[in-house]
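Summary of structural features
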Amino acid sequence: MKNYSIWSLFRNAFSGHRSWPQALPDVAPQEQYDAVIVGGGGHGLATAYYLAKNHGITHIAVLEKSWLGGGNVARNTTIVRSNYFHDARGRLTEQALKLWENLSRELNFNVMFSPRGILNLAHSTAQLDDYARLGNAMAVRGVDAELLTVGQIKALVPYLDTSPEARFPITGGLMQRRAGTARHDAVAWGYGRAAALRGVDIVQNCEVTSIVRQGGKVIAIDTTRGRIRTPKVGICVAGASSRMAELAEIRLPLENHLLQACVTEPVKPILNTIVTHGLFNFYISQTDKGELVMGGDIDGYNRYSTFGELPPLEAAIRACLSLFPSFSRLRLMRTWGGVVDMSMDGSPILSKTSLDGFYINAGWCYGGFKATPAVGQVLAQMMATDETPELAAPFVLDRFHSGHIIAEEGKGPKPWLYH
Amino acid sequence: MLRIPCPYCGERDRTEFTYGGDASVQRPADTAHVSDKAWDNYLYFRDNPAGEHREYWQHNLGCRQWFTLVRNTVTNEVLKESAANPGSGP
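Just so we're clear, the structure is a prediction, and the values are computed from it rather than from any experiment. (Residues numbered from 1 in each chain as written. Chains lettered and ligands numbered in written order. Predicted model: local features only at pLDDT ≥ 70, side-chain atom pairs only at ≥ 80, totals over all residues. Heavy atoms only, no water.)

Side note on the pattern of salt bridges
Residues and elements named next belong to chain A.
- The final tally for this structure, using the stated rule, is 25 salt bridges over all chains.
- A salt bridge links D222 to R227; the shortest N-O distance between them is 2.8 Å.
- The exposure class of R227 is partly exposed, given its relative accessible area of 49%.
- With a shortest N-O distance of 2.8 Å, D345 and R399 are connected by a salt bridge. Remark: R399 occurs in helix 11 (residues 399-402) and D345 occurs in the loop between strand 17 (332-343) and strand 18 (349-352); sequence separation between them is 54 residues.
- We classify D345 as buried; its relative accessible area is 0%.
- R399 sits in the buried class, given a relative accessible area of 1%.
- Connected through salt bridges with shared partners, the residues D87, R91, R141 and E390 form a single ionic network. (Salt bridge = Lys/Arg side-chain N within 4 Å of Asp/Glu carboxyl O. Buried < 20%, exposed > 50% of the residue type's maximum accessible area, 1.4 Å probe, protein only. Helix = DSSP H or I, 4+ residues; strand = E, 2+ residues; numbered from the N terminus.)

If you want it as structure tokens, here you go:
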């Protein structure tokens, strides 16, 4: 494996692109590792990369039960932002956003980060006041936030129905210009490749079947490809978090739900920012290929299957057409779903556990993708030092007993109501 | 689409119903003397099974009654006919 460069591009272009080396070697698991990360999605691969890069721990493995980046990292709508009200979530996602800005260079892999901005629309003066409050909370933290007038929005998103006759007339909006999108598959491949270049074993088709413990410590894990001895196990498995924790006899405050998204046929550039509906949970952006990718609410009841139903998509499309009536002529190309692990306060869990050497990264609800680089750093630090890093401290599992829960929306322990 | 058998109105589309969460968690009996830990476990912690799940539903666009249902969370198959559950709910 070699780094990509302008010269390798040149060389391979002139040989008809027939001699590109394999992007990632296919490795079999060894009998022992210093640490094992379960889950070969964005979070797991980023954790492995930062364990190797920041902490020099390279005798590690990432185990993926199916194929690399085949889970939620390939199923999200690629939005990257840090527009949170609560300090804890704001700081973690802002740390991630700073890393996104330089990620392609860092990984020697084009993750196609595109800071095109995210616009949250307001449909009443009260909502605009609320966005001013959110914007102020962000500004206090040093994060960019800008209130836009209807005139500014009209100039920025010409296809948006900004007329007073609209189904939900627009009164203004909150813009975070540094937010954007990144190519999700490239994020998984970029982190995987960069980790493998530093000596990390990335093992696909390897499912964890049990966690072997002794005296309150992890000593090994059993997999479908044999037993692996290791003192540290970190799980980054989203929808499989509850089952994985159950193997360690740990119960988590999670409930799985299905989140769907869809994409239209590609068209010429018509939308140069991410737009969200301020009343319904709806978000839309245009990919670099020209497709409009959009999503809405979760299906509304707990699921373990990625096969969804039409009503939530119909609701999303209804919201879309109330904002962009002219999009009604576009055809939908694909719909898909991802199983998201919704936590009881809508915030993630990034924590050590009662079992020594067992680390949990779960409960990201809708929003795991945007945090990928920061989660990788923080979880790597936690696994390397066995201490809780400052950015992770608010997200410990113990908060559900201590009462320090982080509810951005305050819906209580009803995770199916969180946006 | 998921079809839900309401014990009063019969089988209807799931869009007529509101999901109410896990019905298998037991509210501590003596709430005056329950430990914080037991109360937090009741509020927040779940089994989240891939398979049989006992859950609350409300037929909010029909008879408005709450009832419990056992459903397979992987296949969406309703495994046990719903039972009227007067006086309870999430």
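Regarding the sheet that holds strand 11 (residues 226-229) of chain A
All names here are of chain A.
- In spatial order, the strands read 9-10-11; together these 3 strands make up an open sheet with antiparallel pairing. Unpaired on one side and paired on the other, strand 9 (208-214) and strand 11 mark the two borders of the sheet. Strand-to-strand, the axes of this sheet are offset by a mean angle of 25°, without reference to chain direction.
- Bridge count for strand 10 (residues 217-223) against strand 11 is 4 bridges, and the pairing is antiparallel. Each bridged residue has a counterpart across the sheet, and for T223 the counterpart in strand 11 is G226. (Pairing = 2+ DSSP bridges. Axes fitted to C-alpha atoms, helices over the stretch in contact; angles between N-to-C directions.)

Overview of the packing of helix 2 (residues 42-55) of chain A against helix 10 (residues 372-385) of chain A
Residues and elements named next belong to chain A.
- At a minimum axis distance of 7 Å, the contact between helix 2 and helix 10 shows a crossing angle of 55°. Between helix 2 and helix 10, the crossing angle belongs to the class labelled oblique. In this structure, helix 2 crosses over helix 10, and the sense of that crossing is right-handed. Residue-level inspection shows G42, H43, A46, T47, Y50, L51, N54 and H55 of helix 2 in contact with helix 10, the latter providing T372, P373, V375, G376, Q377, L379, A380, Q381, M383 and A384.
- In the contact of helix 2 with helix 10, the residues fall into 9 nonpolar, 9 polar and no charged. (Parallel < 35°, antiparallel > 145°, perpendicular 65-115°, else oblique. Left-handed = near helix turned anticlockwise from the far one by under 90°. Contact = heavy atoms within 4.5 Å. Nonpolar A, V, L, I, M, F, W, Y, C, P; charged D, E, K, R; others polar.)

Side note on unusual backbone geometry
Residues and elements named next belong to chain A.
- A positive phi angle is found at A238, which is not glycine, with a value near 45°.
- The backbone of C365 shows a phi angle near 50°, a positive value even though the residue is not glycine.
- Of the residues examined, C365 reaches a relative accessible area of 7% and is grouped as buried.

A short note on helix 5 (residues 125-140) of chain A
Residues and elements named next belong to chain A.
- Compared with the 22 Å implied by 1.5 Å per residue over 16 residues, the 22 Å span of helix 5 between its first and last C-alpha is a close match.
- Looking at helix 5, one finds that the buried residues are Q127, L128, Y131, L134, G135, A137 and M138.
- Looking at the residues trailing helix 5, positive phi occurs at G142, about 85°. (Expected span 1.5 Å × (residues − 1).)

Quick look at the packing of aromatic side chains
- Throughout the structure, instances matching the rule amount to 19 aromatic pairs over all chains.
- Ring geometry for F168(A) versus F280(A): centroids 5.3 Å apart, planes at 75°, classification edge-to-face. Remark: F280(A) occurs in the loop between strand 14 (274-277) and strand 15 (282-286) and F168(A) occurs in the loop between helix 6 (150-156) and strand 6 (172-176); sequence separation between them is 112 residues.
- Taking the relative accessible area as the measure of exposure, F280(A) reaches 41% and is therefore partly exposed.
- Summarising the aromatic geometry, the rings of Y19(B) and W57(B) are spaced 5.3 Å apart at their centres and angled 65° between planes, so their arrangement reads as edge-to-face. (Phe/Tyr/Trp six-rings, centres within 6.5 Å; stacked < 30°, edge-to-face > 60°.)

A short note on the UniProt feature "domain: FAD dependent oxidoreductase" (unreviewed entry) in chain A
- The sites that carry the UniProt feature "domain: FAD dependent oxidoreductase" (unreviewed entry) are, in the present numbering, residues 34-382 of chain A.
- Secondary structure across residues 34-382 of chain A divides into 29% helix and 29% strand, with the first and last C-alpha atoms of the span separated by 14 Å. (UniProt positions renumbered as here; feature names shortened; annotations may be inferred.)

Observations regarding the interface of chain A and chain B
- Counting residues at the interface gives 26 residues for chain A, matched by 27 residues for chain B.
- Summing both partners gives a buried area of about 2,400 Å² for chain A against chain B, and 52% of it is carried by carbon and sulfur.
- When residues of chain A are sorted by the area they lose upon contact with chain B, R251(A), Y304(A) and H401(A) head the list and together hold 28% of the total.
- On the surface where chain A and chain B come into contact, there are 2 salt bridges.
- The residue E309(A) makes a salt bridge to R14(B) at a minimum N-O spacing of 3.7 Å.
- Applying the counting criterion to the chain A and chain B interface returns 15 residue pairs in polar contact (both at pLDDT 80 or more).
- At the level of secondary structure, the elements contributing two or more residues to the side of chain A that touches chain B comprise helix 8 (241-247), strand 13 (254-264), strand 16 (292-302) and helix 11 of chain A.
- Residue classes in the side of chain A that touches chain B are distributed as 12 nonpolar, 7 polar and 7 charged. (Buried area = accessible area lost by both parts, 1.4 Å probe. Polar contact = N/O pair within 3.5 Å; in protein donor to acceptor, adjacent residues only side chain to side chain.)

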